[in-house]
Amino acid sequence: MAAESESADDDSFESSNPTPIGVKLGSTRTVLRYFENADSDELTTVRTLTCLALYEDAITGEEKALFGEQAAAEYPDRVQYMLRSGLPEDDERAELAGRFFRELLSANGVPSDSAVVYAIPTMDNDAGLENLTEVIESSNIGAHTMRAYPESLCGAIPAMGDGVEAVDDVFISVNMGSTNLEACAYRRGDQLVPFSTGSVTGNDVDRRIVANVEEETQGRVHVDLTTAREYKEEHGNVGNFEPFSDVIQQPGGGSHEYTIEDSVVDALDWYLDAAVNEVANEFLPELANDYMKVYQLSLNNDIAVTGGMACIPGLAEEFERRLCEELDRDVNVVVPDEPDLAAAEGARRIAEKLAGQ
Ligand SMILES: Nc1ncnc2c1ncn2[C@@H]1O[C@H](COP(=O)(O)OP(=O)(O)OP(=O)(O)O)[C@@H](O)[C@H]1O
Ligand SMILES: [Mg+2]
């Protein structure tokens, strides 16, 4: 009798296991990671541009929303990237971000009975963070648990091991995003000396590519920021760059083909020097000043480099080389398999622990 009721309990416990979900609401892309159902070992990754376009239904007149790549492609004239500066800055953008997130969750049938961990940026912007918290809390997922951890910790987790080893470690993490470069030391999950700058970013690289292309083509070609980002993501390579060609339609008819040799390489070269400078000459001296022993320990440990910019082939290796040179000592950089998805994956692993799985 007792055994029977025990197993009944077990069953009901099993069926109510929440789904652990990792979420990164990024300024360029949003990523979700979770297992579709409890017994599957197939990891679902949802990766979409963080943008929304509103339009009126032609029959009912109702306001409707499209998000992600489809919104960007069909409504380039009115698509809104509401997290473009990293966080929802005002009520209007918070409202749009909330709508974007709801549409994304419902389109993918993301389970509400879930333990959700959000990877959030380290930024000195309380109002923005509060708005982001509101977006998160108003969603219908995370009925079981809802927590936020720093993006650079979440992103380092898959770089430092197969589980959540990073949370028990002392190390430095550098996150290379679209609107920010973050660096931070972690001591068993605790953030020491969080550093973040908006002056060395993936978006800056895109802007430089626009200017470089104009110069390289003697003013004949002006690409927009989206095209510049695509050049960077598709052709960007440090140490092994292949020149590539593209074609523009001329306003008066006809087309003009051009080859890009230096524009992308030069922009990435600037990025690397600037990133090394921020880490070596701004962040690390502050860390050494406040926590000398942690500074020494963490420079002897691996440095995790994460974020979308670390997807660029050869970039992290060159960052390591230039950082060694600048510091005049050996340091070792580790990169997760998929640097742009790493924060969501790390968040998912934390969620798994929080859900007791
Ligand atoms: N293969 C790639 N895949 C995705 N992003 C890439 C790739 N190569 C370069 N990037 C760049 O990485 C940046 C996005 O990184 P990430 O997704 O970590 O940023 P984010 O979290 O949205 O931004 P932030 O935290 O700075 O607000 C963009 O500049 C993007 O163009
Ligand atoms: Mg980020």
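Residues numbered from 1 in each chain as written. Chains lettered and ligands numbered in written order. Predicted model: local features only at pLDDT ≥ 70, side-chain atom pairs only at ≥ 80, totals over all residues. Heavy atoms only, no water.

Trainee: Explain the site of ligand 1 to me, and be specific about the residues and the numbers.
Mentor: Taken together, 23 residues lie near ligand 1, and Lys24, Ser27, Thr179, Lys232 and Glu233 sit nearest. Measuring from an oxygen atom of ligand 1, one finds a side-chain N or O atom of Ser178 at 2.9 Å. At a separation of 2.6 Å, an oxygen atom of ligand 1 approaches a polar side-chain atom of Glu233. The fraction of the free accessible surface of ligand 1 (650 Å²) that becomes covered by protein chains is 93%. A majority-of-atoms criterion places ligand 1 in the largest pocket. Residues of the shell around ligand 1, tallied by class, amount to four nonpolar, 11 polar and eight charged. (Near = heavy atom within 4 Å. Polar contact = N/O pair within 3.5 Å; in protein donor to acceptor, adjacent residues only side chain to side chain. Areas by Shrake-Rupley, 256 points an atom, 1.4 Å probe, with all protein chains shown as cover. 1 Å grid on protein atoms, 1.4 Å probe; cavity = no way out; pocket = protein on both sides within 12 Å on 5 of 7 lines; lining within 4 Å. Sits in = over half its atoms within 2 Å of the grid points. Nonpolar A, V, L, I, M, F, W, Y, C, P; charged D, E, K, R; others polar.)

Trainee: Could you give an account of the coordination of the magnesium ion (ligand 2), naming the residues involved and the relevant values?
Mentor: Every protein donor of the magnesium ion (ligand 2) is listed here as Glu151 (OE) and Glu151 (OE), and their distances to the metal cover 2.1 to 2.5 Å. As for its placement among the helices and strands, Glu151 is situated in helix 5 (residues 151–160). (Donors = N, O, S within 2.8 Å, 3.2 Å for Na, K, Ca; no water. Helix = DSSP H or I, 4+ residues; strand = E, 2+ residues; numbered from the N terminus.)

Trainee: Break down the pairing of strand 10 (residues 190–197) for me, with residues and values.
Mentor: Inspection of the sheet shows strand 9 (residues 181–187) paired to strand 10 by six bridges, in the antiparallel sense. By the bridge assignment for strand 10, Glu182 is matched with Ser196. (Pairing = 2+ DSSP bridges.)

Trainee: Describe helix 6 (residues 202–216), with residues and values.
Mentor: Counted at 1.5 Å a residue, the expected span for helix 6 with its 15 residues is 21 Å, and the 20 Å between its end C-alpha atoms agrees. Looking at helix 6, one finds that the buried residues are Gly202, Asn203, Asp204, Val205, Asp206, Ile209, Val210, Asn212 and Val213. For helix 6, the elements touching its buried residues are helix 7 (225–235), strand 12 (255–260) and helix 8 (263–290). Looking one or two residues beyond helix 6, the residue adopting positive phi is Gln218, at roughly 50 degrees. (Expected span 1.5 Å × (residues − 1). Buried < 20%, exposed > 50% of the residue type's maximum accessible area, 1.4 Å probe, protein only. Contact = heavy atoms within 4.5 Å.)

Trainee: Could you give an account of the pairing of strand 8 (residues 170–176), naming the residues involved and the relevant values?
Mentor: In terms of burial, strand 8 is a largely internal element, seven of the seven residues being buried. The side-chain alternation of strand 8 yields two buried faces, one formed by Val170, Ile172, Val174 and Met176 and the other by Phe171, Ser173 and Asn175. As consecutive antiparallel partners, strand 8 and strand 9 are separated by four residues. With four bridges connecting them, strand 8 and strand 13 (residues 302–306) associate as parallel partners. Along strand 13, the bridge assignment pairs Asn175 with Thr306.

Trainee: Account for the sheet that holds strand 8, with residues named and values stated.
Mentor: If you walk across this open sheet you meet the five strands as 10-9-8-13-14, and the pairing is mixed. Each end of this open sheet is capped by a strand with a single partner; those strands are strand 10 and strand 14 (332–334). In this sheet, neighbouring strand axes are inclined to one another by 20 degrees on average, regardless of whether the strands run parallel or antiparallel. In terms of strand pairing, strand 8 meets strand 9 through seven bridges, oriented antiparallel. Bridge pairing links Met176 to Leu181 in strand 9. (Axes fitted to C-alpha atoms, helices over the stretch in contact; angles between N-to-C directions.)

Trainee: Talk me through the packing of aromatic side chains; I want residue IDs and the actual numbers.
Mentor: This structure, assessed with the given rule, holds eight aromatic pairs. Their ring planes at 85 degrees and their centres at 6.1 Å tell us that Phe67 and Phe100 sit as a pair that is edge-to-face. Placement of Phe67 in strand 5 (residues 63–67) and of Phe100 in helix 3 (residues 91–108) is noted, with a sequence separation of 33 residues between them. An aromatic cluster is defined as three or more aromatic residues linked by ring pairs; in this entry it consists of Tyr231, Phe241 and Phe244. The ring of Tyr81 has Arg84 lying over it, and the distance from NZ or CZ to the ring centre is 4.2 Å. Positioned above the aromatic ring of Trp270, the side-chain terminus of Arg208 is 4.0 Å from the ring centre. (Phe/Tyr/Trp six-rings, centres within 6.5 Å; stacked < 30°, edge-to-face > 60°. Lys NZ or Arg CZ within 6 Å of the ring centre and 35° of its normal.)

Trainee: A description of the layout of surface pockets should follow, citing residues and the corresponding values.
Mentor: By volume, the largest pocket amounts to about 1100 Å³. Breaking the lining of the largest pocket down by element, the ones donating at least two residues are strand 1 (19–25), strand 2 (29–35), strand 3 (43–49), helix 2 (68–74), strand 8, helix 6 and helix 7. Per-element accounting of the lining of the largest pocket gives the leading share, eight residues, to helix 7. (Points joined across faces, edges and corners; volume = space filled by probe spheres on them.)

Trainee: Just give me the short version of helix 7, but keep the residues and values in it.
Mentor: Of all the residues in helix 7, the buried ones are Ala228, Arg229, Tyr231 and Lys232. Buried residues of helix 7, seen end-on, are gathered within an arc of 155 degrees and therefore sit on one face of the element. Of the surrounding elements, those touching the buried residues of helix 7 are strand 2, strand 3, helix 6, strand 11 (244–249), strand 12 and helix 8. (Arc of directions from axis to C-beta.)

Trainee: Residue-level account of empty space enclosed by the protein, with values.
Mentor: Over the atoms a probe the size of a water molecule is rolled, and this reveals where empty space is left. As enumerated under the stated definition, the model contains one cavity of 30 Å³ or more in all. Contributing to the lining of the largest cavity are Lys24, Glu151, Asn175, Thr306, Gly307, Gly308, Pro339, Asp340 and Ala343.

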